[in-house]
Amino acid sequence: LLGFFIPACMVLGLGIGVVRGRKWCDWYCPRGSFYDAILKPLSPKREIPAFVRGMPFRIGALTVLLSIMAINLARLWPDPSRIGRFFMSMLSATTGLGIILALTIHPRTWCMFCPIGTLVHWVSKKALPLKLDSQRCIECRICARACPVQIKPYQYKDAAGAIVKDGDCLKCGLCIAACPKRALSR
């Protein structure tokens, strides 16, 4: 029955996401916390491939994972033990994939196409936006190096200031803390 922790996390992630964006994905998500705390020192920290960030790949991954879940829930219904074991199996398989991606590419590669992260990405672009003061920004790129999901806030620079409207922003504040010119704020 421990497997029912997984859909609870999914519901919490979506609920928090509507109001706070991908804040859940920062440290509330057990998997994201594991990737940052344990796998980050072991990762080569390469650039996350653009196709993984792209919507076609994300929609495909979301479709496949939700289809697997729907088919298995219908097949295993109403036995809670078997449904819980299915959730644990799905968690193990996707965590295994995430570990492989973290150890070969970047710790947060899985997060780019995580089903909950993808859904929250669509609804969170306006939640707690990151603001960039274009007058202060010197495009040193320190903000991008600090970002756990490789967002580049300096690219949003314009003459009148800017809002970083990236639905993948984890609202972690690492870029704000790293900026030597205090050009970033919430």
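The structure under discussion appears in the preceding block.
Read on for a plain summary of the structure. (Residues numbered from 1 in each chain as written. Predicted model: local features only at pLDDT ≥ 70, side-chain atom pairs only at ≥ 80, totals over all residues. Heavy atoms only, no water.)

**Overview of the overall build of the protein chain**
Part 1 of the reasoning: What the protein chain contains, in helices and strands, is nine helices and three strands.
Part 2 of the reasoning: The order of α-helices and β-strands along the protein chain, N terminus first, is α-α-α-α-α-α-α-β-α-β-α-β.
Part 3 of the reasoning: The globule rule puts the C-alpha radius of gyration for 186 residues at 16 Å, and the 18 Å found for the protein chain is close to it.
Part 4 of the reasoning: Overall, the protein chain is about 60 × 35 × 25 Å in size when its C-alpha atoms are taken along their principal axes.
Part 5 of the reasoning: Counting all 186 residues of the protein chain, 45% fall into the buried class.
Part 6 of the reasoning: In the protein chain, the share of contacts with a sequence separation of at least 24, taken over all contacts with a separation of at least 6, comes to 72%.
Part 7 of the reasoning: As displayed, the protein chain offers around 9800 Å² of accessible surface, 67% of which is attributable to carbon and sulfur atoms.
Part 8 of the reasoning: Taking the 26 positively charged and 9 negatively charged side chains of the protein chain as two groups, their mean positions are separated by 2 Å. (Helix = DSSP H or I, 4+ residues; strand = E, 2+ residues; numbered from the N terminus. Rg over C-alpha atoms; globule rule 2.2 N^0.38 Å. Buried < 20%, exposed > 50% of the residue type's maximum accessible area, 1.4 Å probe, protein only. Contact = heavy atoms within 4.5 Å. Areas by Shrake-Rupley, 256 points an atom, 1.4 Å probe, with all protein chains shown as cover. Lys, Arg positive; Asp, Glu negative; His and termini not counted. Charge placed at Lys NZ, Arg CZ, Asp CG, Glu CD.)

**Quick notes on the pattern of salt bridges**
Part 1 of the reasoning: For the structure shown, the criterion picks out six salt bridges.
Part 2 of the reasoning: For Asp168, the salt bridge is made with Arg22, and the minimal N-O distance between the two is 2.7 Å. With a gap of 146 residues between them, Asp168 in the loop between β2 (162-164) and α9 (174-178) and Arg22 in the loop between α1 (5-20) and α2 (23-28) connect regions that are remote in the sequence.
Part 3 of the reasoning: In this structure Arg22 comes out as buried when scored by relative accessible area, which is 1%.
Part 4 of the reasoning: According to the relative accessible area criterion, Asp168 is buried, its value standing at 3%.
Part 5 of the reasoning: Here the residues in one salt-bridge network are Arg22, Arg58 and Asp168, joined through shared partners. (Salt bridge = Lys/Arg side-chain N within 4 Å of Asp/Glu carboxyl O.)

**Things to note about the side chain of Arg58**
Part 1 of the reasoning: Its place among the elements puts Arg58 in helix α5 (residues 55-76).
Part 2 of the reasoning: Within the local environment of Arg58, its side chain forms a polar contact with the side chain of His121, the two groups lying 3.3 Å apart.
Part 3 of the reasoning: Beyond its immediate chain neighbours, meaning those up to four positions away, Arg58 contacts Arg22, Val52, Arg53, Met112, Phe113, Thr118, His121 and Asp168. (Polar contact = N/O pair within 3.5 Å; in protein donor to acceptor, adjacent residues only side chain to side chain.)

**Considering the packing of α5 against helix α7 (residues 115-123)**
Part 1 of the reasoning: Contact geometry of α5 with α7 gives a least axis separation of 9 Å together with a crossing angle of 125 degrees. Accordingly, the angle class assigned to the pair α5 and α7 is oblique. Along this stretch, α5 crosses α7, giving a crossing that reads as left-handed. Residues Met55, Arg58, Ile59, Leu62 and Leu65 of α5 pack against Pro115, Thr118, Leu119, His121 and Trp122 of α7.
Part 2 of the reasoning: Its residues placed into classes, the contact of α5 with α7 shows seven nonpolar, two polar and one charged. (Axes fitted to C-alpha atoms, helices over the stretch in contact; angles between N-to-C directions. Parallel < 35°, antiparallel > 145°, perpendicular 65-115°, else oblique. Left-handed = near helix turned anticlockwise from the far one by under 90°. Nonpolar A, V, L, I, M, F, W, Y, C, P; charged D, E, K, R; others polar.)

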